[in-house]
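# Overview (structure and organization)
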Amino acid sequence: MSNPFEQEGVEIAWCPGCGNFGILKALKETLFELGYEPHKVVLVSGIGQAAKLPHYLKVNVFNGLHGRSIPVAFAIKTVNPELLVIAESGDGCMYGEGGNHLLHAIRRNPDITVVVHDNQVYGLTKGQASPTSEEGFFSKVQTLGNLSTPFNPLSLAIAQDASFVARGFSGDIEGLKKILKEALSWKGFALVDVLQPCVTFNRVNTYGWYKERVYYLGENHDPSNRFQAFEKSLEWGERIPLGIFYTHRKPTYQEKFYTQIPRSHLLYQGTLSEESVAREFQLLV
Amino acid sequence: MVDWEIKVGGAAGQGVQTVSEILSLMLKRSGYYVFSLEDYQSRIRGGHTFTHIRLSDRPVWAAKRYLDLLVCLDPLTYQLHHHEVKENGLILGNFGLGEKSTDSHRFISIDFEKEAVQLGNKVFANMIAVGAISSILGLAPELVAAYIEKIFAKKGEEVMEKNKLAFQRGRRIVGIPPVLPTRNSMPNDVPQFLLDGNQALGLGALLAGCTFYSAYPMTPSTGIMNFLASKIREYGIVVEQAEDEIAAVNMALGASYAGARAMTGTSGGGFCLMVEGLGLAAMTEVPIVVINGQRPGPSTGLPTRTSQADLAFVIHAGHDEFPRFVFAPRDPQDAINIVRRAFYLAEKYQVPVIILSDQYLADSKVSYWNLEMEEIPDAPIQASDFSDYCRYALTPSGVSPRAIPGGKALVVVDSDEHDECGHLTEDLDVRVAMHEKRMKKWEAMKKEIRLPFLVEGKEVTLLGWGSSWGVLREAREELHEEGIDAGLVHFNELWPLPGGLREFLEGLPFPIVVENNYWGQLANLLEHETGLSFARRITRYDGRPFLVDELCERVKEVLRNVQSV
Ligand SMILES: Cc1ncc(C[n+]2csc(CCOP(=O)(O)OP(=O)(O)O)c2C)c(N)n1
Ligand SMILES: [Mg+2]
């Protein structure tokens, strides 16, 4: 059987060799292998090179504003919990422009997956530093070298007790698929930061650079141990860990809402009658 | 005929708003028509706050400046408002050392707080005032006591008893017989509804089938969120307090895309943050209703005061061009229907609809004998069970059949320019076709708009929009009674402007546009759209609404100035 998520005849606007291709392949295959049907999946994205990904799959798409994919994804999942909802976008989109939404999505714990294409650079706007760029990173804007230190998404998410926190590498599609399978099947907010080489604007963090450093967390890593997870999230440099860092199963926003409000969804069901006005105002008269 | 103006003032934290809530409801239940407005500061304790209640035997739509009864919970209220009391008017309360300025008023000196302390706590001061005022107004004590029992029941037996005692003490110590004829309540023979603008906006949304409201708290729109949140269990609606207004509008759009009827609400500053989202709504053609409760600005401005100064902003807000509706309800009853209509039109044309409320409308209560529900059709979402679906299929009207995700149709929407199937494109011919598709809706949208309300007058015509309705309506009547043949033109649907407006407005005798802003934004808009001149403008931008008698004076002043030229 062919993969129903395959989008025929699209022209892909990524540079040859871009790390985004690996993420696209991994996601497409994961969705298929998990047995999802395209019309039950919604991909929500922002703006950037990464954010074009939904157009290259056959799914429902909400390609919204730069930085704003998470609030949209939260609402779609809340209105119709039967849909699988994935927000995906670049590091600039998710950690920069939309950083506040990430913080608050962790608190809400909606049952969505957030996939961040972390190329440590603003690709689409041609190479400026992103929140995850290394200190000293040079660009047309960072002419003195990046004066800021990088944002650590995993430490942040673990510190905030996010329900599922993982890191993948777009250069290892099979490894990334394993992580995505867990993330998409997870009940609760799942953050997957994906290291993604940018072949045009990031000459430091190349495929080779990553391949020398990445390794998978082994058997002895216990994702339910928050301290261990946090400690691992600080490791960066000579060696860079990949895998599922942290998991904490707790009630999702949608579970909490729908156990109190007995409706399976909030899809429009018609207007209310005038009697309900009268009834409503028994309270006010 | 009874037609009374009452003002109750005090410091924030003294419970003036509770007095207002109890009195306006009890007056209504006693058979009066009521109008009330709230004036408060952006603080939790101290300062000065007041409520203004008008009660009458006939329907009332606005307040007047001169008072029949002034109730002072603190001496500052006396200092600030004693000059507003009519000759022979009554002043009740704590005047402090403030000299009693005139012999023409009747004074009843009661230090509410001191009396309350004798009951154990100064918090009972407001309930003593309720007792005193209700006695003066001739309200049935059982009626008020029962209501006090009801509202304090949640807080426990002791609090309830203390408040009832306070109420009775107030009745006793007032020391004069009722000034108004005593009333018994006859539940069926009284105006049935009493609601403020925020409740009405929320109620309209519920009636329209809204199931998703996301917002960030901001006066004066927070009341909409409070109202809807109080209905979550009964109606199954999500009310999400977003992390900011950007999240609020994007959540509402996500919800609407998924098939809910969704709304967000804010005030000017928050609306500024939502503007990119407004463009997203236009580009993705996802229907949405946005309420902007205006307050004076720019920037944070006067958080708790009123204004009508965002009209020029909201009709143009957003980059590039796109069609939208802008409505401004006249009163709470109108707000219900406007919100229902907003949802209908948002879905029919798949465009954003902006509703301009303001602090005056949001916080003012109006009583109605009955609420009239306008007949509004439904614009159901098209079936979503076809597999080669294209969200932006080109049609003669520019409106494409809308599907929601979950059915067989794949729904692809994009903030980038896109092709018929929703996919990102940089094909400039497609861009032109898509832009024209969106813009094409405008002509049909224009036809939806109704001409403004009109009462013809031979000498002068007042023009206004939104919440000034009640004031203008009463001012026109009052001018009429004084022998000035005044007319009225009033807009509640502002954008697009209706076709035929020039013919409609041409030749109106002596137009004066009345607005709560500096420029005269409606006047400018009408001049621009019709080519007619609207040079005479009465404006107010101190954060307070117009009052009927004050407005009449200003109209007469304009008329006098012309005559003396
Ligand atoms: C509100 C807003 N600000 C700025 C931009 C311009 N912009 C588009 S993409 C982008 C950054 C992209 O970086 P990232 O999210 O990391 O995605 P990448 O291209 O690297 O995949 C910026 C600044 C925009 N589209 N919208
Ligand atoms: Mg990037």
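## Some words on the site of ligand 1
Within the structure, ligand 1 sits among 17 residues, and A:Gln49, A:Asp91, A:Gly92, A:Cys93 and A:Gly123 are positioned closest to it. Mapping the residues near ligand 1 onto chains gives chains A and B. Here A:Gly92 contributes a backbone N or O atom positioned 2.8 Å from an oxygen atom of ligand 1. Between ligand 1 and A:Asn119, the relevant distance is 3.0 Å, taken from an oxygen atom to a side-chain nitrogen or oxygen of the residue. Here ligand 1 has 590 Å² of accessible area as a free molecule, and 79% of this is covered by the chains.

## With respect to the packing of helix 1 (residues 16–29) of chain B against helix 4 (residues 125–136) of chain B
All names here are of chain B. Running from amino to carboxyl end, helix 1 crosses helix 4 at an angle of 30°, the nearest separation of the two axes being 9 Å. Relative to helix 4, helix 1 is oriented so that their crossing is right-handed. Along its contact with helix 1, which presents Thr-18, Val-19, Ile-22 and Leu-23, the element helix 4 presents Asn-126, Met-127, Val-130 and Ile-133. Grouping the amino acids of the contact of helix 1 with helix 4 by side-chain chemistry returns six nonpolar, two polar and no charged.

## What to know about the coordination of the magnesium ion (ligand 2)
All names here are of chain A. At this site the magnesium ion (ligand 2) is bound by Asp-91 (OD), Asn-119 (OD1) and Val-121 (O), with donor distances of 2.0 to 2.2 Å. For the magnesium ion (ligand 2), all donor residues lie on one chain, and their spacing in sequence is D-x27-N-x1-V. Side by side, Asn-119 and Val-121 carry an identical accessibility label, which is buried.

## A closer look at the pairing of strand 3 (residues 46–56) of chain B
All names here are of chain B. With respect to burial, strand 3 is a largely interior element, nine of its 11 residues being buried. As paired strands, strand 1 (residues 3–12) and strand 3 are joined by nine bridges and run antiparallel to one another. The residue bridging Lys-7 from the neighbouring strand is His-52, located in strand 3. As defined by bridge partners, strand 2 (residues 33–39) adjoins strand 3 across seven bridges and the pair is classed as antiparallel. Residue Tyr-33 lies in a different strand from strand 3, and its bridge partner there is Ser-56. Turn length for the strand 2-strand 3 hairpin, with the two strands adjacent in sequence and antiparallel, is six residues.

## Considering the interface of chain B and chain A
Each partner contributes to the interface: chain B provides 63 residues, whereas chain A provides 51 residues. The contact between chain B and chain A buries some 4,900 Å² in all, and 62% of this surface belongs to carbon and sulfur atoms. For chain B, the biggest contributors to the area lost against chain A are B:Tyr235, B:Glu243 and B:Leu410; these three give 13% of the whole. In this assembly, chain B and chain A are joined by two salt bridges. In this structure, B:Glu240 and A:Arg108 form a salt bridge, with 2.5 Å as the shortest nitrogen-oxygen distance.

## Examining the state of the cysteines
The full count for this structure, using the stated rule, is one disulfide over all chains. Sulfur-sulfur distance for the disulfide between B:Cys390 and B:Cys421 comes to 1.9 Å. With B:Cys390 in the loop between strand 14 (365–368) and strand 15 (412–414) and B:Cys421 in the loop between strand 15 and helix 15 (428–448), the pair connects residues that are 31 residues apart, well separated along the chain. Here A:Cys15 is not cross-linked by a disulfide; its sulfur's nearest cysteine counterpart is in A:Cys18, at 6.0 Å. We classify A:Cys18 as buried; its relative accessible area is 9%.

## Structural notes on the confidence of the model for chain B
Interpretation of the predicted coordinates at a detailed level should be avoided for regions scoring low in pLDDT. Mean pLDDT over chain B: 95, with 98% of residues reaching 70 or higher. This prediction of the complex comes with two scores: 0.97 for pTM and 0.98 for ipTM.

## Quick notes on the nonpolar core
A:Ile76, B:Phe212 and B:Leu505 are the most contacted members of the largest nonpolar core, which has 98 residues in total. Looking at this core element by element, the count peaks at nine residues for helix 10 (residues 245–258) of chain B. Each of two domains, domain 2 (196–368) and domain 3 (453–564) of chain B, supplies a minimum of three residues to this core. Once residues within four sequence positions are removed from consideration, A:Ile76 is found in contact with A:Val42, A:Val44, A:Phe62, A:Leu83, A:Val85, B:Gly254, B:Tyr257 and B:Ala258. Counting 77 residues, the second-largest nonpolar core is a separate cluster that includes B:Tyr360, B:Val399, B:Met445 and B:Val555.

## As for the pattern of salt bridges
Under the criterion given, the structure shown has 44 salt bridges over all chains. Across the pair A:Glu33 and A:Lys181 runs a salt bridge whose closest N-O atoms are separated by 2.7 Å. With A:Glu33 in helix 1 (residues 20–33) and A:Lys181 in helix 6 (residues 173–185), the pair connects residues that are 148 residues apart, well separated along the chain. Overall, the relative accessible area of 27% leaves A:Lys181 in the partly exposed class. The partner of B:Glu115 in a salt bridge is B:Arg169, and the shortest N-O contact between them spans 2.9 Å. Residue B:Glu115 is found in helix 3 (residues 112–118), and its partner B:Arg169 is found in helix 6 (residues 157–173); the two are separated by 54 residues along the sequence. Taken as a pair, B:Glu115 and B:Arg169 share a single burial class, namely buried. Salt bridges sharing partners connect three or more residues here, namely A:Lys25, A:Glu29, A:Glu33, A:Glu174, A:Lys177 and A:Lys181.

## A word on helix 15 of chain B
Because an α-helix completes one turn every 3.6 residues, residues spaced three or four positions apart along the sequence face the same direction. Residue and element names in this part refer to chain B. In a regular helix each residue adds 1.5 Å, so 21 residues correspond to 30 Å; helix 15 covers 32 Å between its end C-alpha atoms and thus fits that length. Turning to helix 15, its buried residues number three or more, namely Met-434, His-435, Lys-437, Arg-438, Lys-441, Met-445 and Glu-448. Where helix 15 is buried, its residues meet helix 11 (268–284), strand 12 (325–327), helix 13 (332–349) and strand 19 (493–495). N-capping of helix 15 is provided by Asp-427, with a side-chain oxygen placed 2.9 Å from the backbone N of Asp-429.

## Brief notes about a nonpolar patch on the surface
Residues and elements named next belong to chain B. The grouping of Tyr-518, Trp-519 and Tyr-541 at the surface amounts to a nonpolar patch, some 460 Å² of accessible area in total. On the secondary structure map, Tyr-541 appears in the loop between strand 21 (537–539) and helix 19 (548–564). The exposure class of Tyr-541 is exposed, given its relative accessible area of 51%.

## So, the sheet that holds strand 1 of chain B
Residues and elements named next belong to chain B. Taken in spatial order, the eight strands make up an open sheet running 6-5-4-1-3-2-14-7, and their pairing is mixed. Edge strands, defined here as strands with exactly one partner in the open sheet, are strand 6 (106–109) and strand 7 (193–196). Going across the sheet, the axis of each strand differs from the next one's by a mean of 15°, ignoring polarity. Looking at chain direction, strand 4 (residues 67–72) and strand 5 (residues 85–93) are connected through five bridges and run parallel. From the neighbouring strand, Val-71 faces strand 5, where its bridge partner is Leu-92.

## Brief notes about the side chain of B:Ser134
Mapping B:Ser134 onto the fold places it in helix 4. Those residues within four positions of B:Ser134 in sequence are excluded, and the remaining contacts are B:Leu139, B:Val144, B:Phe167 and B:Arg171.

## Some thoughts on the packing of aromatic side chains
Applying the stated criterion across every chain yields a total of 23 aromatic pairs over all chains. Here B:Phe271 and B:Phe313 contribute two aromatic rings whose centre-to-centre distance is 5.5 Å and whose plane-to-plane angle is 80°, an arrangement assigned as edge-to-face. Linking B:Phe271 in helix 11 with B:Phe313 in helix 12 (residues 311–316), this pair joins segments that are 42 residues apart in sequence. Take B:Phe271: its relative accessible area is 1%, and that puts it in the buried class. Its end group placed over the ring of B:Phe50, B:Lys7 keeps NZ or CZ at 4.1 Å from the ring centre. The ring of A:Tyr268 carries B:Arg261 above its face, with NZ or CZ at 4.0 Å from the centroid.

Procedures and definitions
Residues numbered from 1 in each chain as written. Chains lettered and ligands numbered in written order. Predicted model: local features only at pLDDT ≥ 70, side-chain atom pairs only at ≥ 80, totals over all residues. Heavy atoms only, no water. Near = heavy atom within 4 Å. Polar contact = N/O pair within 3.5 Å; in protein donor to acceptor, adjacent residues only side chain to side chain. Areas by Shrake-Rupley, 256 points an atom, 1.4 Å probe, with all protein chains shown as cover. Axes fitted to C-alpha atoms, helices over the stretch in contact; angles between N-to-C directions. Helix = DSSP H or I, 4+ residues; strand = E, 2+ residues; numbered from the N terminus. Left-handed = near helix turned anticlockwise from the far one by under 90°. Contact = heavy atoms within 4.5 Å. Nonpolar A, V, L, I, M, F, W, Y, C, P; charged D, E, K, R; others polar. Donors = N, O, S within 2.8 Å, 3.2 Å for Na, K, Ca; no water. Buried < 20%, exposed > 50% of the residue type's maximum accessible area, 1.4 Å probe, protein only. Pairing = 2+ DSSP bridges. Buried area = accessible area lost by both parts, 1.4 Å probe. Salt bridge = Lys/Arg side-chain N within 4 Å of Asp/Glu carboxyl O. Disulfide = S-S within 2.5 Å. pLDDT = per-residue confidence, 0-100. Core = buried A, V, L, I, M, F, W, Y, C linked by side-chain atoms within 4.5 Å. Domains from an automatic or database assignment. Expected span 1.5 Å × (residues − 1). Patch = residues over 30% accessible without salt bridge, like charges linked within 9 Å, V, L, I, M, F, W, Y side chains within 5 Å. Phe/Tyr/Trp six-rings, centres within 6.5 Å; stacked < 30°, edge-to-face > 60°. Lys NZ or Arg CZ within 6 Å of the ring centre and 35° of its normal.

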